[in-house]
Amino acid sequence: MDRIRIIGGHRLNGTIPISGAKNAALPLMIASLLTEQTLILDNVPRLADVAQLERILGNHGVDIMVSGKRSGETADHGQTLHISAARIVDTTAPYELVSKMRASFWVLAPLVARMGKARISMPGGCAIGTRPVDLLIMAVERLGAKIDIEGGYVVARAPKGLKGAEIVFPKVTVGGTHTAVMAASLAKGTTVIENAAREPEIADVADCLNKMGARISGAGTRQIIVEGVAGLKGARHAVLPDRIETGTYAMAAAMTGGDVLLQNGRPELLQAALDVLVRAGVTVMPTNQGIRIVRNGAGLAPVDVTTAPFPEFPTDLQAQLMALMTRASGTSHITETIFENRFMHVGELTRLGARIQLDGERATIEGVPQLKGAPVMATDLRASVSLVIAALAAEGETIVNRVYHLDRGFERLEDKLGRCGAAVERLSG
Ligand code: EPZ
(Lines give C-alpha, C1' and ligand atoms only; values in the text may rest on other atoms or scores of the structure.)
Protein backbone atom coordinates (compact mmCIF):
# COMPACT_ATOMS: atom_id res chain seq x y z
CA MET A 1 0.00 0.00 0.00
CA ASP A 2 1.34 3.39 -0.98
CA ARG A 3 2.55 5.78 1.70
CA ILE A 4 3.64 9.40 1.55
CA ARG A 5 6.88 10.61 3.14
CA ILE A 6 7.09 14.27 4.14
CA ILE A 7 10.03 16.21 5.57
CA GLY A 8 8.51 19.27 7.22
CA GLY A 9 9.72 22.83 7.55
CA HIS A 10 9.69 24.00 3.93
CA ARG A 11 7.71 27.13 3.08
CA LEU A 12 5.38 26.89 0.08
CA ASN A 13 5.96 29.32 -2.80
CA GLY A 14 4.57 29.07 -6.30
CA THR A 15 1.42 28.17 -8.22
CA ILE A 16 -0.97 25.29 -7.59
CA PRO A 17 -3.47 24.53 -10.41
CA ILE A 18 -6.88 23.65 -8.94
CA SER A 19 -8.60 20.67 -10.55
CA GLY A 20 -12.26 20.15 -11.35
CA ALA A 21 -14.45 19.40 -8.33
CA LYS A 22 -14.87 15.74 -7.31
CA ASN A 23 -18.25 16.53 -5.75
CA ALA A 24 -19.51 18.05 -9.00
CA ALA A 25 -17.91 15.54 -11.41
CA LEU A 26 -19.60 12.55 -9.70
CA PRO A 27 -23.24 13.80 -9.92
CA LEU A 28 -22.58 15.22 -13.43
CA MET A 29 -21.37 11.81 -14.65
CA ILE A 30 -24.45 10.21 -13.03
CA ALA A 31 -26.69 12.75 -14.82
CA SER A 32 -25.59 11.20 -18.12
CA LEU A 33 -27.99 8.30 -17.30
CA LEU A 34 -30.91 10.70 -17.88
CA THR A 35 -30.40 10.85 -21.66
CA GLU A 36 -29.61 8.47 -24.51
CA GLN A 37 -27.49 11.16 -26.13
CA THR A 38 -23.83 11.90 -25.36
CA LEU A 39 -22.85 14.15 -22.45
CA ILE A 40 -19.37 15.65 -22.81
CA LEU A 41 -17.74 16.73 -19.55
CA ASP A 42 -14.58 18.85 -19.55
CA ASN A 43 -12.22 19.53 -16.61
CA VAL A 44 -12.93 16.15 -14.99
CA PRO A 45 -10.31 15.37 -12.28
CA ARG A 46 -8.26 12.13 -12.47
CA LEU A 47 -9.33 10.60 -9.16
CA ALA A 48 -9.93 7.09 -7.83
CA ASP A 49 -13.60 7.97 -7.16
CA VAL A 50 -14.07 9.09 -10.79
CA ALA A 51 -12.53 5.84 -12.05
CA GLN A 52 -14.76 3.84 -9.67
CA LEU A 53 -17.84 5.64 -10.99
CA GLU A 54 -16.79 4.85 -14.57
CA ARG A 55 -16.90 1.17 -13.57
CA ILE A 56 -20.34 1.59 -12.00
CA LEU A 57 -21.76 3.40 -15.05
CA GLY A 58 -20.17 0.80 -17.32
CA ASN A 59 -22.07 -1.87 -15.39
CA HIS A 60 -25.31 -0.17 -16.46
CA GLY A 61 -24.21 -0.24 -20.11
CA VAL A 62 -22.72 3.27 -20.35
CA ASP A 63 -19.87 3.88 -22.81
CA ILE A 64 -17.21 6.35 -21.70
CA MET A 65 -14.55 7.68 -24.07
CA VAL A 66 -11.70 9.76 -22.69
CA SER A 67 -10.35 12.36 -25.10
CA GLY A 68 -6.65 12.12 -25.81
CA LYS A 69 -4.23 14.95 -25.00
CA ARG A 70 -4.64 18.05 -27.17
CA SER A 71 -1.67 20.15 -28.27
CA GLY A 72 -0.63 22.65 -25.64
CA GLU A 73 -2.33 20.68 -22.89
CA THR A 74 -0.36 19.68 -19.76
CA ALA A 75 -1.08 17.30 -16.91
CA ASP A 76 -2.76 20.28 -15.21
CA HIS A 77 -5.62 20.10 -17.70
CA GLY A 78 -8.60 18.06 -16.56
CA GLN A 79 -9.75 15.17 -18.68
CA THR A 80 -12.67 15.26 -21.13
CA LEU A 81 -15.17 12.42 -20.91
CA HIS A 82 -17.65 11.56 -23.66
CA ILE A 83 -20.38 9.67 -21.80
CA SER A 84 -23.08 7.79 -23.69
CA ALA A 85 -25.95 6.06 -21.90
CA ALA A 86 -27.70 5.24 -25.18
CA ARG A 87 -28.49 1.69 -24.01
CA ILE A 88 -29.07 1.01 -20.31
CA VAL A 89 -28.86 -2.79 -20.13
CA ASP A 90 -28.91 -3.22 -16.34
CA THR A 91 -30.74 -1.12 -13.74
CA THR A 92 -29.06 -2.82 -10.78
CA ALA A 93 -26.16 -1.21 -8.91
CA PRO A 94 -24.53 -4.12 -7.03
CA TYR A 95 -23.24 -4.04 -3.46
CA GLU A 96 -19.66 -4.82 -4.54
CA LEU A 97 -19.57 -1.54 -6.51
CA VAL A 98 -21.78 0.77 -4.41
CA SER A 99 -20.09 -0.17 -1.12
CA LYS A 100 -16.80 1.21 -2.51
CA MET A 101 -18.20 4.66 -3.16
CA ARG A 102 -21.37 6.00 -1.48
CA ALA A 103 -22.22 8.60 -4.10
CA SER A 104 -22.90 5.79 -6.57
CA PHE A 105 -26.20 5.33 -4.71
CA TRP A 106 -27.27 8.50 -6.54
CA VAL A 107 -27.83 6.48 -9.77
CA LEU A 108 -31.20 5.67 -8.17
CA ALA A 109 -32.79 8.92 -9.42
CA PRO A 110 -31.87 8.87 -13.14
CA LEU A 111 -32.52 5.11 -13.46
CA VAL A 112 -36.03 5.18 -11.96
CA ALA A 113 -36.84 8.46 -13.76
CA ARG A 114 -35.75 7.24 -17.23
CA MET A 115 -36.18 3.46 -17.02
CA GLY A 116 -39.08 3.30 -14.53
CA LYS A 117 -37.13 0.93 -12.28
CA ALA A 118 -33.92 0.68 -10.28
CA ARG A 119 -32.40 -1.79 -7.83
CA ILE A 120 -29.64 -0.10 -5.86
CA SER A 121 -27.56 -1.54 -3.07
CA MET A 122 -27.71 0.39 0.20
CA PRO A 123 -24.24 1.97 0.62
CA GLY A 124 -23.58 0.59 4.14
CA GLY A 125 -21.51 2.25 6.89
CA CYS A 126 -18.91 5.04 6.54
CA ALA A 127 -15.92 6.14 8.66
CA ILE A 128 -17.33 9.63 9.23
CA GLY A 129 -20.89 8.71 10.23
CA THR A 130 -23.91 6.45 9.77
CA ARG A 131 -24.92 8.45 6.66
CA PRO A 132 -28.43 7.07 6.05
CA VAL A 133 -30.11 7.50 2.63
CA ASP A 134 -33.69 7.81 3.95
CA LEU A 135 -34.10 11.35 2.54
CA LEU A 136 -32.94 10.29 -0.95
CA ILE A 137 -35.50 7.49 -0.87
CA MET A 138 -38.13 9.92 0.44
CA ALA A 139 -37.50 12.22 -2.54
CA VAL A 140 -38.16 9.58 -5.24
CA GLU A 141 -41.09 8.23 -3.22
CA ARG A 142 -42.62 11.76 -3.17
CA LEU A 143 -42.35 11.71 -6.99
CA GLY A 144 -44.45 8.57 -7.10
CA ALA A 145 -41.95 5.70 -7.11
CA LYS A 146 -42.96 2.60 -5.17
CA ILE A 147 -40.07 1.63 -2.89
CA ASP A 148 -39.25 -1.76 -1.36
CA ILE A 149 -36.17 -2.74 0.62
CA GLU A 150 -35.11 -6.29 -0.34
CA GLY A 151 -31.91 -7.97 0.83
CA GLY A 152 -30.01 -4.74 1.38
CA TYR A 153 -31.24 -3.28 -1.89
CA VAL A 154 -33.58 -0.36 -2.53
CA VAL A 155 -35.99 -1.49 -5.24
CA ALA A 156 -37.77 1.45 -6.90
CA ARG A 157 -40.57 1.05 -9.42
CA ALA A 158 -42.41 3.69 -11.46
CA PRO A 159 -43.63 1.91 -14.59
CA LYS A 160 -45.78 4.90 -15.62
CA GLY A 161 -42.98 7.38 -14.90
CA LEU A 162 -42.57 9.89 -12.09
CA LYS A 163 -44.94 12.74 -11.27
CA GLY A 164 -44.03 16.24 -10.02
CA ALA A 165 -44.64 16.96 -6.31
CA GLU A 166 -43.52 19.05 -3.35
CA ILE A 167 -40.41 17.72 -1.59
CA VAL A 168 -39.59 19.27 1.79
CA PHE A 169 -36.25 18.15 3.27
CA PRO A 170 -36.32 18.10 7.11
CA LYS A 171 -32.56 18.74 7.02
CA VAL A 172 -30.23 20.03 4.31
CA THR A 173 -28.84 17.16 2.26
CA VAL A 174 -26.59 17.48 -0.80
CA GLY A 175 -27.26 13.95 -2.02
CA GLY A 176 -30.98 14.34 -1.42
CA THR A 177 -31.09 17.57 -3.42
CA HIS A 178 -29.15 16.06 -6.35
CA THR A 179 -31.53 13.08 -6.27
CA ALA A 180 -34.67 15.24 -6.24
CA VAL A 181 -33.44 17.55 -9.02
CA MET A 182 -32.36 14.71 -11.33
CA ALA A 183 -35.54 12.65 -10.80
CA ALA A 184 -37.85 15.66 -11.15
CA SER A 185 -36.21 16.65 -14.46
CA LEU A 186 -38.06 13.80 -16.25
CA ALA A 187 -41.19 13.76 -14.05
CA LYS A 188 -44.57 14.86 -15.40
CA GLY A 189 -45.45 18.32 -14.04
CA THR A 190 -43.82 20.63 -11.54
CA THR A 191 -41.70 19.77 -8.53
CA VAL A 192 -40.95 22.24 -5.74
CA ILE A 193 -37.97 21.35 -3.53
CA GLU A 194 -37.93 23.14 -0.16
CA ASN A 195 -34.93 23.43 2.20
CA ALA A 196 -32.67 22.41 -0.67
CA ALA A 197 -28.87 22.28 -0.34
CA ARG A 198 -27.19 25.42 -1.73
CA GLU A 199 -23.75 23.94 -2.35
CA PRO A 200 -22.13 25.26 -5.59
CA GLU A 201 -22.06 21.71 -6.94
CA ILE A 202 -25.89 21.68 -6.91
CA ALA A 203 -25.98 24.76 -9.14
CA ASP A 204 -23.28 23.28 -11.42
CA VAL A 205 -25.35 20.11 -11.99
CA ALA A 206 -28.55 22.15 -12.54
CA ASP A 207 -26.66 24.32 -15.04
CA CYS A 208 -25.59 21.23 -16.97
CA LEU A 209 -29.10 19.70 -16.85
CA ASN A 210 -30.56 22.94 -18.22
CA LYS A 211 -28.07 22.69 -21.11
CA MET A 212 -29.50 19.17 -21.65
CA GLY A 213 -32.98 20.68 -21.95
CA ALA A 214 -34.19 20.50 -18.34
CA ARG A 215 -36.19 23.36 -16.81
CA ILE A 216 -34.71 24.01 -13.39
CA SER A 217 -34.80 27.34 -11.57
CA GLY A 218 -33.61 28.43 -8.13
CA ALA A 219 -30.59 26.10 -7.88
CA GLY A 220 -28.26 27.57 -5.26
CA THR A 221 -31.20 28.81 -3.19
CA ARG A 222 -33.26 27.00 -0.55
CA GLN A 223 -36.19 26.58 -3.04
CA ILE A 224 -35.66 24.83 -6.36
CA ILE A 225 -38.45 24.51 -8.96
CA VAL A 226 -38.28 21.85 -11.68
CA GLU A 227 -40.66 21.70 -14.63
CA GLY A 228 -40.43 18.12 -15.83
CA VAL A 229 -39.72 17.47 -19.53
CA ALA A 230 -40.37 14.39 -21.71
CA GLY A 231 -36.70 13.84 -22.57
CA LEU A 232 -33.21 15.28 -22.27
CA LYS A 233 -30.54 15.72 -24.91
CA GLY A 234 -26.75 15.70 -24.99
CA ALA A 235 -24.64 18.70 -24.00
CA ARG A 236 -21.11 19.86 -23.21
CA HIS A 237 -20.23 21.16 -19.75
CA ALA A 238 -17.07 22.02 -17.82
CA VAL A 239 -16.83 20.90 -14.18
CA LEU A 240 -16.39 23.85 -11.78
CA PRO A 241 -13.13 24.19 -9.80
CA ASP A 242 -12.82 22.19 -6.57
CA ARG A 243 -13.50 24.54 -3.64
CA ILE A 244 -12.38 21.92 -1.12
CA GLU A 245 -9.06 21.37 -2.91
CA THR A 246 -8.69 25.18 -3.05
CA GLY A 247 -9.33 25.52 0.69
CA THR A 248 -6.99 22.63 1.46
CA TYR A 249 -4.01 24.17 -0.32
CA ALA A 250 -4.84 27.59 1.15
CA MET A 251 -4.51 26.04 4.61
CA ALA A 252 -1.30 24.25 3.62
CA ALA A 253 0.25 27.58 2.55
CA ALA A 254 -1.00 29.20 5.78
CA MET A 255 0.53 26.32 7.78
CA THR A 256 4.03 26.48 6.30
CA GLY A 257 4.13 30.20 5.55
CA GLY A 258 4.88 31.33 2.03
CA ASP A 259 3.18 32.80 -1.03
CA VAL A 260 0.99 30.55 -3.18
CA LEU A 261 -1.32 31.26 -6.13
CA LEU A 262 -4.29 28.85 -6.28
CA GLN A 263 -4.84 28.96 -10.02
CA ASN A 264 -8.53 28.68 -11.15
CA GLY A 265 -9.64 28.96 -7.50
CA ARG A 266 -12.88 30.99 -7.20
CA PRO A 267 -13.24 32.90 -3.89
CA GLU A 268 -17.06 32.97 -4.01
CA LEU A 269 -17.12 29.16 -3.80
CA LEU A 270 -15.41 29.12 -0.38
CA GLN A 271 -15.82 32.62 1.06
CA ALA A 272 -16.58 31.38 4.60
CA ALA A 273 -13.27 29.45 4.70
CA LEU A 274 -11.30 32.39 3.30
CA ASP A 275 -12.86 34.67 5.94
CA VAL A 276 -11.66 32.27 8.65
CA LEU A 277 -8.12 32.38 7.22
CA VAL A 278 -8.17 36.18 7.30
CA ARG A 279 -9.30 36.03 10.95
CA ALA A 280 -6.34 33.73 11.61
CA GLY A 281 -4.00 36.41 10.26
CA VAL A 282 -3.44 35.07 6.73
CA THR A 283 -3.43 37.38 3.70
CA VAL A 284 -5.99 36.31 1.07
CA MET A 285 -5.96 38.13 -2.30
CA PRO A 286 -8.35 37.27 -5.16
CA THR A 287 -6.60 37.79 -8.52
CA ASN A 288 -7.76 37.34 -12.09
CA GLN A 289 -5.92 34.00 -12.15
CA GLY A 290 -7.31 32.69 -8.88
CA ILE A 291 -6.60 33.27 -5.20
CA ARG A 292 -3.23 34.26 -3.68
CA ILE A 293 -2.47 33.10 -0.14
CA VAL A 294 0.39 34.77 1.75
CA ARG A 295 1.75 34.35 5.27
CA ASN A 296 5.15 35.79 6.01
CA GLY A 297 6.37 35.68 9.58
CA ALA A 298 3.10 36.70 11.23
CA GLY A 299 1.82 34.04 13.66
CA LEU A 300 -1.54 32.32 13.40
CA ALA A 301 -4.41 33.58 15.55
CA PRO A 302 -6.85 31.04 17.07
CA VAL A 303 -10.38 30.93 15.65
CA ASP A 304 -13.73 29.44 16.65
CA VAL A 305 -15.62 27.75 13.81
CA THR A 306 -18.79 25.64 13.42
CA THR A 307 -19.35 23.59 10.29
CA ALA A 308 -22.69 23.99 8.51
CA PRO A 309 -24.24 23.67 5.02
CA PHE A 310 -23.15 26.16 2.32
CA PRO A 311 -22.58 29.10 2.46
CA GLU A 312 -21.25 28.45 5.96
CA PHE A 313 -17.91 26.77 6.79
CA PRO A 314 -17.78 23.37 5.02
CA THR A 315 -17.39 20.14 6.97
CA ASP A 316 -14.99 18.98 4.21
CA LEU A 317 -12.44 21.59 5.39
CA GLN A 318 -12.88 20.94 9.12
CA ALA A 319 -9.94 18.53 9.49
CA GLN A 320 -7.65 20.78 7.46
CA LEU A 321 -8.51 23.79 9.65
CA MET A 322 -7.89 21.72 12.78
CA ALA A 323 -4.41 20.85 11.53
CA LEU A 324 -3.74 24.57 10.97
CA MET A 325 -4.98 25.56 14.42
CA THR A 326 -2.56 23.14 16.12
CA ARG A 327 0.03 25.86 15.48
CA ALA A 328 -2.06 28.91 16.44
CA SER A 329 -0.95 31.12 19.32
CA GLY A 330 -3.85 30.27 21.63
CA THR A 331 -6.93 28.07 21.91
CA SER A 332 -9.42 27.39 19.08
CA HIS A 333 -12.76 25.61 19.09
CA ILE A 334 -14.16 23.65 16.14
CA THR A 335 -17.72 22.29 16.25
CA GLU A 336 -18.73 19.62 13.72
CA THR A 337 -22.49 19.64 13.10
CA ILE A 338 -22.82 17.64 9.84
CA PHE A 339 -21.26 14.22 10.55
CA GLU A 340 -21.27 12.58 13.96
CA ASN A 341 -17.91 10.81 13.65
CA ARG A 342 -15.65 13.25 11.81
CA PHE A 343 -12.81 13.60 14.31
CA MET A 344 -10.82 10.51 13.31
CA HIS A 345 -7.80 12.76 12.57
CA VAL A 346 -7.55 13.95 16.21
CA GLY A 347 -5.68 10.88 17.43
CA GLU A 348 -3.24 11.05 14.53
CA LEU A 349 -2.61 14.81 14.90
CA THR A 350 -1.94 14.14 18.59
CA ARG A 351 0.76 11.68 17.50
CA LEU A 352 2.46 14.67 15.81
CA GLY A 353 2.39 16.56 19.11
CA ALA A 354 -0.91 18.44 18.81
CA ARG A 355 -3.01 19.22 21.93
CA ILE A 356 -6.68 18.54 21.20
CA GLN A 357 -9.55 17.80 23.58
CA LEU A 358 -12.85 16.38 22.33
CA ASP A 359 -16.19 16.97 23.98
CA GLY A 360 -18.97 15.49 21.83
CA GLU A 361 -19.18 17.50 18.58
CA ARG A 362 -16.75 20.16 19.86
CA ALA A 363 -12.96 20.05 19.65
CA THR A 364 -10.69 22.36 21.68
CA ILE A 365 -7.29 22.89 20.06
CA GLU A 366 -4.50 24.41 22.12
CA GLY A 367 -1.80 25.72 19.79
CA VAL A 368 1.75 24.37 20.25
CA PRO A 369 5.04 26.02 19.16
CA GLN A 370 6.18 22.97 17.18
CA LEU A 371 4.88 19.66 15.80
CA LYS A 372 7.19 16.69 15.41
CA GLY A 373 7.14 14.15 12.56
CA ALA A 374 5.94 10.55 13.19
CA PRO A 375 4.25 7.66 11.31
CA VAL A 376 0.48 8.33 11.08
CA MET A 377 -2.57 6.55 9.62
CA ALA A 378 -5.07 8.03 7.15
CA THR A 379 -8.68 7.12 8.00
CA ASP A 380 -10.78 8.99 5.44
CA LEU A 381 -10.31 11.43 2.58
CA ARG A 382 -10.26 14.79 4.40
CA ALA A 383 -8.66 13.46 7.60
CA SER A 384 -5.74 12.13 5.52
CA VAL A 385 -4.98 15.51 3.96
CA SER A 386 -5.09 17.19 7.39
CA LEU A 387 -2.20 14.91 8.35
CA VAL A 388 -0.31 16.04 5.25
CA ILE A 389 -0.87 19.70 6.20
CA ALA A 390 0.40 19.09 9.75
CA ALA A 391 3.41 17.13 8.46
CA LEU A 392 4.40 20.01 6.14
CA ALA A 393 5.11 22.10 9.24
CA ALA A 394 6.32 19.33 11.56
CA GLU A 395 9.97 18.91 12.45
CA GLY A 396 11.55 15.95 10.69
CA GLU A 397 9.97 13.04 8.85
CA THR A 398 6.33 11.97 8.76
CA ILE A 399 5.07 8.84 7.01
CA VAL A 400 1.35 8.95 6.09
CA ASN A 401 0.01 5.41 5.67
CA ARG A 402 -3.03 4.27 3.61
CA VAL A 403 -2.88 7.16 1.16
CA TYR A 404 -5.47 5.44 -1.04
CA HIS A 405 -7.85 7.62 0.96
CA LEU A 406 -6.12 10.71 -0.46
CA ASP A 407 -6.21 9.43 -4.05
CA ARG A 408 -9.98 9.35 -3.87
CA GLY A 409 -10.19 13.14 -3.86
CA PHE A 410 -6.82 14.84 -4.47
CA GLU A 411 -5.25 14.77 -7.93
CA ARG A 412 -1.40 14.61 -8.03
CA LEU A 413 -1.02 16.00 -4.49
CA GLU A 414 2.74 15.28 -4.20
CA ASP A 415 3.41 16.94 -7.57
CA LYS A 416 1.35 20.03 -6.74
CA LEU A 417 3.00 20.50 -3.32
CA GLY A 418 6.46 19.51 -4.60
CA ARG A 419 6.34 22.26 -7.23
CA CYS A 420 5.96 24.80 -4.41
CA GLY A 421 8.99 23.55 -2.49
CA ALA A 422 7.51 20.87 -0.22
CA ALA A 423 9.62 17.77 0.46
CA VAL A 424 6.92 15.18 -0.33
CA GLU A 425 7.38 11.82 -2.02
CA ARG A 426 5.20 8.75 -2.58
CA LEU A 427 6.59 5.44 -1.41
CA SER A 428 4.95 2.71 -3.49
CA GLY A 429 3.96 -0.73 -2.16
C1 EPZ B 1 -21.97 15.33 0.23
O2 EPZ B 1 -22.26 14.10 0.90
C3 EPZ B 1 -20.47 15.27 -0.11
N4 EPZ B 1 -20.21 14.14 -0.96
C5 EPZ B 1 -19.67 15.16 1.17
O6 EPZ B 1 -18.29 15.21 0.84
C7 EPZ B 1 -19.97 16.35 2.06
O8 EPZ B 1 -19.30 16.19 3.28
C9 EPZ B 1 -21.49 16.43 2.32
O10 EPZ B 1 -22.21 16.47 1.08
C11 EPZ B 1 -21.86 17.66 3.12
O12 EPZ B 1 -21.43 18.81 2.50
C13 EPZ B 1 -20.35 14.28 -2.31
O14 EPZ B 1 -20.75 15.31 -2.84
C15 EPZ B 1 -20.01 13.09 -3.16
P16 EPZ B 1 -25.50 15.11 2.93
P17 EPZ B 1 -23.78 13.66 1.18
O18 EPZ B 1 -26.59 14.30 2.36
O19 EPZ B 1 -24.63 14.11 0.07
C20 EPZ B 1 -27.66 13.30 6.80
C21 EPZ B 1 -16.05 14.47 0.78
O22 EPZ B 1 -15.18 14.49 1.66
N23 EPZ B 1 -28.52 12.57 5.88
O24 EPZ B 1 -25.52 16.57 2.66
O25 EPZ B 1 -23.76 12.22 1.52
C26 EPZ B 1 -26.19 12.83 6.75
O27 EPZ B 1 -25.98 11.69 7.52
C28 EPZ B 1 -17.49 14.04 1.11
O29 EPZ B 1 -15.84 14.81 -0.41
C30 EPZ B 1 -29.60 11.86 6.40
O31 EPZ B 1 -29.84 11.84 7.60
O32 EPZ B 1 -24.09 14.51 2.50
C33 EPZ B 1 -25.46 14.07 7.26
O34 EPZ B 1 -25.49 14.07 8.64
C35 EPZ B 1 -17.60 13.49 2.49
N36 EPZ B 1 -30.39 11.18 5.53
C37 EPZ B 1 -26.31 15.21 6.70
O38 EPZ B 1 -27.60 14.67 6.40
C39 EPZ B 1 -30.17 11.19 4.16
O40 EPZ B 1 -30.92 10.54 3.41
C41 EPZ B 1 -25.76 15.86 5.44
O42 EPZ B 1 -25.44 14.84 4.51
C43 EPZ B 1 -29.08 11.93 3.65
C44 EPZ B 1 -28.27 12.62 4.54
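It should be noted that the structure appears before, not after, this text.
This is a predicted model, so every value here is computed, not measured.

1. Comments concerning the overall build of the chain
Next, step 1: Looking only at helices and strands, one finds 14 helices and 24 strands in the chain.
Next, step 2: Since a compact globule built from 429 residues should have a radius of gyration of about 22 Å, the 22 Å found for the chain is in line with a globular shape.
Next, step 3: For the chain, the C-alpha atoms occupy an extent of roughly 65 × 50 × 40 Å along the three principal directions.
Next, step 4: Across the 429 residues in the chain, those meeting the buried criterion constitute 57%.

2. Observations concerning the pairing of strand β7 (residues 117–121)
Next, step 1: Sheet analysis places strand β6 (residues 92–93) next to β7, joined by two bridges and oriented parallel. Residue pairing across strands places Ala-93 opposite Ile-120, the latter belonging to β7.
Next, step 2: Here β7 runs beside strand β9 (residues 153–157); their pairing, made up of five bridges, is antiparallel. Its bridge partner lying in β9, Ile-120 is registered against Val-154.

3. Thoughts on helix α8 (residues 243–256)
Next, step 1: With 14 residues, α8 should reach 20 Å at 1.5 Å per residue; the first-to-last C-alpha distance of 20 Å fits that figure.
Next, step 2: Of all the 14 residues making up α8, 14 are buried; the element is thus mostly covered by neighbouring parts of the structure.
Next, step 3: Its side-chain oxygen 2.9 Å from the backbone nitrogen of Ile-244, Asp-242 forms the N-cap of α8.
Next, step 4: Downstream of α8 by a residue or two, Gly-257 has a phi angle that is positive, lying close to 80°.

4. Some thoughts on the site of the ligand
Next, step 1: As a structural note, the neighbourhood of the ligand is formed by 23 residues, with Asp-134, Leu-135, Thr-173, Asp-316 and Ile-338 the closest of them.
Next, step 2: Against a free-state accessible area of 830 Å², the protein chains account for coverage of 89% of the ligand.
Next, step 3: Taken together, the elements giving at least two residues each to the shell around the ligand come down to α1 (22–31), α5 (134–142), α6 (174–185) and α12 (381–393).
Next, step 4: Top element by residues in the shell around the ligand is α5. It accounts for three residues.
Next, step 5: For the shell around the ligand, a count of residues per class yields 12 nonpolar, four polar and seven charged.

5. Things to note about the nonpolar core
Next, step 1: Formed by 81 residues in total, the largest nonpolar core has its most connected members in Leu-33, Leu-162 and Leu-209.
Next, step 2: The biggest single contributor to this core is α1, with seven residues.
Next, step 3: Judged by nonpolar contacts, the second largest core, of 69 residues, contains Val-260, Leu-270, Leu-317 and Leu-417.

6. Structural notes on α12
Counting along an α-helix, one turn takes 3.6 residues, and residues three or four places apart therefore face a common direction.
Next, step 1: Of all 13 residues that make up α12, 13 are buried, and the element is covered over most of its length.
Next, step 2: The opening residue of α12, the one whose side-chain oxygen lies 3.3 Å from the backbone nitrogen of Arg-382, is Asp-380.

7. Topic: the packing of α6 against helix α7 (residues 200–211)
Each pair of packed helices can be described by the angle between their axes along with the distance between the axes.
Next, step 1: At their nearest, the axes of α6 and α7 sit 10 Å apart, and the two run at 10° to each other. As the angle between them shows, α6 and α7 are arranged roughly parallel. Helix-helix and strand crossings are classified by hand; for α6 and α7 the assignment is right-handed. Together, Val-174, Thr-177, His-178, Val-181, Met-182 and Ser-185 of α6 and Glu-201, Ile-202, Val-205 and Leu-209 of α7 make up the contact between the two elements.
Next, step 2: Split by residue class, the contact of α6 with α7 holds six nonpolar, three polar and one charged.

8. Some details on the sheet that holds strand β23 (residues 397–401)
Next, step 1: The four strands lie next to each other as β22-β23-β1-β24, forming an open sheet whose pairing is mixed. Each edge of the sheet is formed by a strand with only one pairing partner; in this case those strands are β22 (375–377) and β24 (423–427). Averaged over all adjacent pairs, the angle separating strand axes in this sheet is 20°, with direction ignored.
Next, step 2: The pairing of strand β1 (residues 3–7) with β24 spans five bridges and is classified as antiparallel. Bridging from a neighbouring strand, Arg-5 pairs with Glu-425 of β24.

9. Quick word on the environment of Gly-409
Next, step 1: Within the secondary structure, Gly-409 is located in the loop between α13 (404–407) and α14 (413–418).
Next, step 2: Separated by 375 residues in the primary sequence, Gly-409 and Leu-34 place their C-alpha atoms 25 Å from one another.
Next, step 3: Each residue touching Gly-409, except ones within four places of it in the same chain, is listed here: Lys-22, Leu-47 and Leu-381.

10. Description of the sheet that holds strand β14 (residues 235–238)
Next, step 1: The four strands lie next to each other as β4-β5-β3-β14, forming an open sheet whose pairing is mixed. In this open sheet, the two edge strands, each paired with only one partner strand, are β4 (63–66) and β14. Sheet twist, expressed as the average angle between the axes of neighbouring strands with direction ignored, equals 20°.
Next, step 2: As paired strands, β4 and strand β5 (residues 79–84) are joined by four bridges and run antiparallel to one another. Its bridge partner lying in β5, Met-65 is registered against His-82.

Criteria and cut-off values
Residues numbered from 1 in each chain as written. Predicted model: local features only at pLDDT ≥ 70, side-chain atom pairs only at ≥ 80, totals over all residues. Heavy atoms only, no water. Helix = DSSP H or I, 4+ residues; strand = E, 2+ residues; numbered from the N terminus. Rg over C-alpha atoms; globule rule 2.2 N^0.38 Å. Buried < 20%, exposed > 50% of the residue type's maximum accessible area, 1.4 Å probe, protein only. Pairing = 2+ DSSP bridges. Expected span 1.5 Å × (residues − 1). Polar contact = N/O pair within 3.5 Å; in protein donor to acceptor, adjacent residues only side chain to side chain. Near = heavy atom within 4 Å. Areas by Shrake-Rupley, 256 points an atom, 1.4 Å probe, with all protein chains shown as cover. Nonpolar A, V, L, I, M, F, W, Y, C, P; charged D, E, K, R; others polar. Core = buried A, V, L, I, M, F, W, Y, C linked by side-chain atoms within 4.5 Å. Axes fitted to C-alpha atoms, helices over the stretch in contact; angles between N-to-C directions. Parallel < 35°, antiparallel > 145°, perpendicular 65-115°, else oblique. Left-handed = near helix turned anticlockwise from the far one by under 90°. Contact = heavy atoms within 4.5 Å.

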